[in-house]
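These are the residues of each chain, in order.
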Amino acid sequence: MDPNLANNPQLIQFLSQEKERAMANEVVAKITSSCWDKCVDKPGSKFSSSETSCLSNCALRYMDMTMLIMKRFQQQ
Amino acid sequence: MDSYSSSSPPMGASPSPEALMEQIQAQLAEAYAKELIETMREKCFDKCITKPGSSLSSGESSCISRCVDRYLEATGIISRSLFSQQRR
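Residues numbered from 1 in each chain as written. Chains lettered and ligands numbered in written order. Predicted model: local features only at pLDDT ≥ 70, side-chain atom pairs only at ≥ 80, totals over all residues.

Help me understand the overall build of chain A in this model?
Check the secondary structure of chain A and you find three helices and zero strands. Listing every helix and strand of chain A by position from the N terminus yields α-α-α. For 76 residues, the compact-globule formula gives about 11 Å, and the C-alpha radius of gyration of chain A, at 19 Å, lies well above that figure. Referenced to the eigenvectors of the C-alpha coordinate spread, the extents of chain A come out at roughly 55 × 45 × 15 Å. Counting every position in chain A, which comprises 76 residues, the buried fraction comes to 16%. (Helix = DSSP H or I, 4+ residues; strand = E, 2+ residues; numbered from the N terminus. Rg over C-alpha atoms; globule rule 2.2 N^0.38 Å. Buried ≥ 20, exposed ≤ 12 C-beta atoms within 10 Å, placed from the backbone.)

Help me understand helix α3 (residues 58–83) of chain B, please; the structure alone is not making it clear to me.
Each turn of an α-helix holds 3.6 residues, which means side chains three or four residues apart point in the same direction. Over its 26 residues, α3 of chain B runs 38 Å from end to end, which matches the ideal 38 Å to within 8%, given 1.5 Å per residue. Along α3 of chain B, the positions that sit buried rather than exposed are C67, R70, Y71, A74, T75, I77, I78 and S81 of chain B. Buried residues along α3 of chain B sit against α2 (9–39) and α3 (49–75) of chain A together with α2 (17–48) of chain B. (Expected span 1.5 Å × (residues − 1). Contact = placed C-beta atoms within 7 Å.)

Structure, rendered in structure tokens:
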């Protein structure tokens, strides 16, 4: 690869931005997969309010759990 | 890869950063779509085709289309609850 291209600041910034976005997408995909199984029984033509709040709570609790697990590991 | 070689410049010349970024973005979008479709196939098959019959019933077909819509909606709901400002 052209060394000038590898050092292009615009490109470097683009790549780190895209990497961050890809990581965020991956977290969302993982949590959606788990929470879908827990919160949605039969997919209807519209989410009920309890399904919507289940999904939202599920996502936030998943993150809480992640923090807890990380803390637990740091203690050891 | 096909999509790469067809749009890459002749040997020797380096692609412009803009062209490279565009290519990367297109490939990322493709990978994301593929993964999403794969997940929805799995999830909606589990929910909608509980007892596979000799053909896809109309009930199963409409369940699948609702399932796809709801899965996309669920992705949005979760993304918003994780990344919106008003987090407790």
